[in-house]
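An overview of the molecular structure
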Amino acid sequence: MKRVGVLGGGSWGTALAILLSNNNHSVDIWIRDAKQKEHMVNFRENKKYLPGISIPENINVTDDLSQVIHNKDIIVLSIPSHGIRKVLNDSKKYFRNDQVIVNVAKGIENNTLLRISEIVHEILPDNPYAVLSGPSHAEEVAQNMPTTLVSASKEKAIAEYVQDIFMSPYFRVYTNPDVIGVELGGSLKNVIALGAGISDGLGYGDNTKAALMTRGIIEIARLGERMGANISTFSGLAGIGDLIVTCTSMHSRNRRAGILIGQGKSLQEAIESIGMVVEGIKTTKSAYALAKKYQVTMPITKEIYEVLYEGKNVKNSVINLMLRDKKHEMEDIIKNQIKE
C-alpha cells in the first residue's frame, strides 16, 4: 500500500482518487474550495464535477494542503495547468525530495511556454516526475469502464512505479520514456478538439471532422518532433488515442466549447456555459506562440487562435484551410527521410 496525496478535486482528481483507493492505497485529496470540501465530506459525492459517483469513506477529503502532501509517497497533480505554478510555490516547503510527482493535467503555460514537467523541475528540481496521459474521461473511469493510458518518465523505474500503482482490471497503463511527446500530445489535442467542436457547431459532418483530426495530429507531431519528442509517441495513446476521444465525445469540455462557438456564441459565453476549465482555450495561445517560436507550420492551430483571440469568422477559417496551397500528403515523411 502506498500513501497518495491528490492535489485537485475536479472530476479527474476525484476519479483517480477513487481508483487509487480501490487499488488499496491510502488516499488524501485536497480541495481548494471549502464549501465543496464540506459537501464531499458530508455527502461523499463530488456533486459539481462528478455527480452520482460515490466517494469511498476511506478517502480523506480536506482543504489542508500540508496534510495532503505530508508523509506521502506520491503526489498527483490534478490542478488546471495555469494554476500549477502557484500551488507548487505555495506548498513546496511541505515536499520531500523522494516524493514522486505524477502529473495528470494537460496544458502549456502561456507566458513561459513551459510544459508542466518543466514547471515542476523549476520548483521541485530533485523530485522524480512522471506524466500520466491518454484517452480517458473521468466520468468513465469513475464507472470502471476499461481505460488505457501511458506513464512517461525519463527514469524507467519511475514510469514502471507509477504503472504498478495505477494498474487495475479496468485501468491499463503502458510506459514511455518520451515525456516531451506525451505532454505535448495531451495538451495540443485540446486545440484540435476545439476545432472539431466548431465544425460540429457549424453543422459539418464526419468528413470534416476526420480531416481535422488527421491533419491535426500531423501538426502536433510536426511541432513535437521540432521540440525533441519521439514522433512515434503521436501514433500512440497520448497522441492519436487522446485526440480521438477528445474530438468525438460529449464528455469533452473542449469539444463542447467548440460546438457553442461554432453555433455563434462568443468565447466568454462558451466558457460560462461549460462552467469548468476548458484547457484548450489557454493552450491555443501557447500552441500558436510555440509554432512561431519553432517556425513550424500549424494552419489549423493558427485558424483556431484567430477565431478565439482575433474574432475571425469561423466559416472564413474553414475556407482558408480548404484553399491553402496545394500539398503532397506525405510531405512530412518525405522530408524526414531526406533528413535522415
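Residues numbered from 1 in each chain as written. Predicted model: local features only at pLDDT ≥ 70, side-chain atom pairs only at ≥ 80, totals over all residues. Heavy atoms only, no water.

Quick look at the sheet that holds strand β9 (residues 147–152) now. Pairing in this open sheet of eight strands is mixed, and the strands run β5-β2-β1-β6-β7-β8-β9-β10 from one edge to the other. With partners counted over all chains shown, the strands left at the sheet margins are β5 (60–62) and β10 (171–176), one partner each. Neighbour-to-neighbour, the strand axes of the sheet open up by a mean angle of 25°, direction not taken into account. Across six bridges, the pairing between β9 and β10 is parallel. Within the sheet, the bridge partner assigned to V150 lies in β10 and is Y174. Its contacts with the sheet put helix α8 (residues 179–201) on β7 (100–103), β8 (129–133), β9 and β10, and the angle it makes with β8 is roughly 40°. (Pairing = 2+ DSSP bridges. Helix = DSSP H or I, 4+ residues; strand = E, 2+ residues; numbered from the N terminus. Axes fitted to C-alpha atoms, helices over the stretch in contact; angles between N-to-C directions. Contact = heavy atoms within 4.5 Å.)

On to the environment of I84, then. Structurally, the position occupied by I84 is in helix α4 (residues 84–91). Residue classification places I84 among the buried residues on the basis of a relative accessible area of 0%. For the pair formed by I84 and I119, sequence separation is 35 residues and the distance between their alpha carbons is 8.0 Å. Apart from residues no more than four positions distant in its own chain, I84 is found in contact with L77, I79, N103, A105, I116 and I119. (Buried < 20%, exposed > 50% of the residue type's maximum accessible area, 1.4 Å probe, protein only.)

A cluster of nonpolar side chains, contributed by I319, M322 and L323, occupies part of the molecular surface with about 380 Å² of accessible area. Residue position: M322 is located in helix α15 (residues 314–322). (Patch = residues over 30% accessible without salt bridge, like charges linked within 9 Å, V, L, I, M, F, W, Y side chains within 5 Å. Areas by Shrake-Rupley, 256 points an atom, 1.4 Å probe, with all protein chains shown as cover. Salt bridge = Lys/Arg side-chain N within 4 Å of Asp/Glu carboxyl O.)

Let us look at the pattern of salt bridges. Scanning the model with the defined rule gives 18 salt bridges in all. For K72, the salt bridge is made with D28, and the minimal N-O distance between the two is 3.2 Å. Of the two residues, K72 sits in the loop between α3 (65–69) and β6 (74–77) while D28 sits in strand β2 (residues 26–30), which places them 44 residues apart along the sequence. One salt bridge connects E109 with R85, and the closest N-O pair in it is separated by 2.8 Å.

For the rest of this paragraph, the subject is the pairing of β2. In terms of burial, β2 is largely enclosed, as four of its five residues are buried. As defined by bridge partners, strand β1 (residues 3–7) adjoins β2 across five bridges and the pair is classed as parallel. Residue pairing for β2: V4 is matched across the bridge by V27. With respect to chirality, the unit in which β1 leads through helix α1 (residues 11–22) into the neighbouring parallel β2 is right-handed. By the bridge criterion, three bridges tie β2 to β5 in an arrangement that is parallel. By the bridge assignment for β5, I29 is matched with V61. (Right-handed = clockwise from strand over helix to strand, strands pointing away.)

Even without a glycine there, the phi angle at R44 is positive, about 50°. In this structure, R44 sits in the loop between α2 (34–43) and β3 (45–46). The backbone phi angle of N71 is positive, close to 65°, even though this residue is not glycine. For N71, the position within the fold is in the loop between α3 and β6.

The subject of this paragraph is the nonpolar core. Judged by nonpolar contacts, the single largest core of 41 residues is most densely connected at L184, L188, L194, L223, F234, C247 and I261. Elements with a contribution of two residues or more to this core: α8, α9 (206–226), α10 (237–248), α11 (253–262), α12 (267–274), α13 (279–293) and α14 (299–310). The residues touching I261, leaving out its near neighbours within four places in the chain, are I198, L267, A270, V307, L308 and V314. In terms of nonpolar packing, the next biggest core, distinct from the first, is built from 36 residues, A17, I59, V61 and V100 among them. (Core = buried A, V, L, I, M, F, W, Y, C linked by side-chain atoms within 4.5 Å.)

Residue position: P128 is located in the loop between α5 (116–123) and β8. Judged by relative accessible area, which is 14%, P128 ranks as buried. Along the chain, P128 and N97 lie 31 residues apart, while their C-alpha atoms are 7.9 Å from each other. Contact partners of P128, with chain neighbours within four places excluded, come to N97, D98, Q99, V100, I101, E155 and I158.

A separate point is the side chain of S78. Here S78 lies in the loop between β6 and α4. Since its relative accessible area comes to 13%, S78 is described here as buried. Among the polar contacts made by the side chain of S78, one reaches the main-chain amide nitrogen of G13 at a distance of 3.1 Å. Sequence-distant contacts of S78, that is, excluding residues within four places in its chain, are made with L7, G8, W12, G13 and V104. (Polar contact = N/O pair within 3.5 Å; in protein donor to acceptor, adjacent residues only side chain to side chain.)

Here we take up the packing of aromatic side chains. We describe a pair of aromatic rings using the distance from one ring centre to the other and the angle between the two ring planes. Taken as a whole and assessed by the stated rule, the structure comprises three aromatic pairs. Measuring from centroid to centroid gives 6.4 Å for F166 and F171, while their planes differ by 35°, and the two rings are tilted. Assessed through its relative accessible area of 0%, F171 is described here as buried. Seen from their ring centres, Y305 and Y309 are 5.2 Å apart, and the 35° between their planes marks the pair as tilted. With a gap of four residues between them, Y305 and Y309 both fall in helix α14, about one helical turn apart. (Phe/Tyr/Trp six-rings, centres within 6.5 Å; stacked < 30°, edge-to-face > 60°.)

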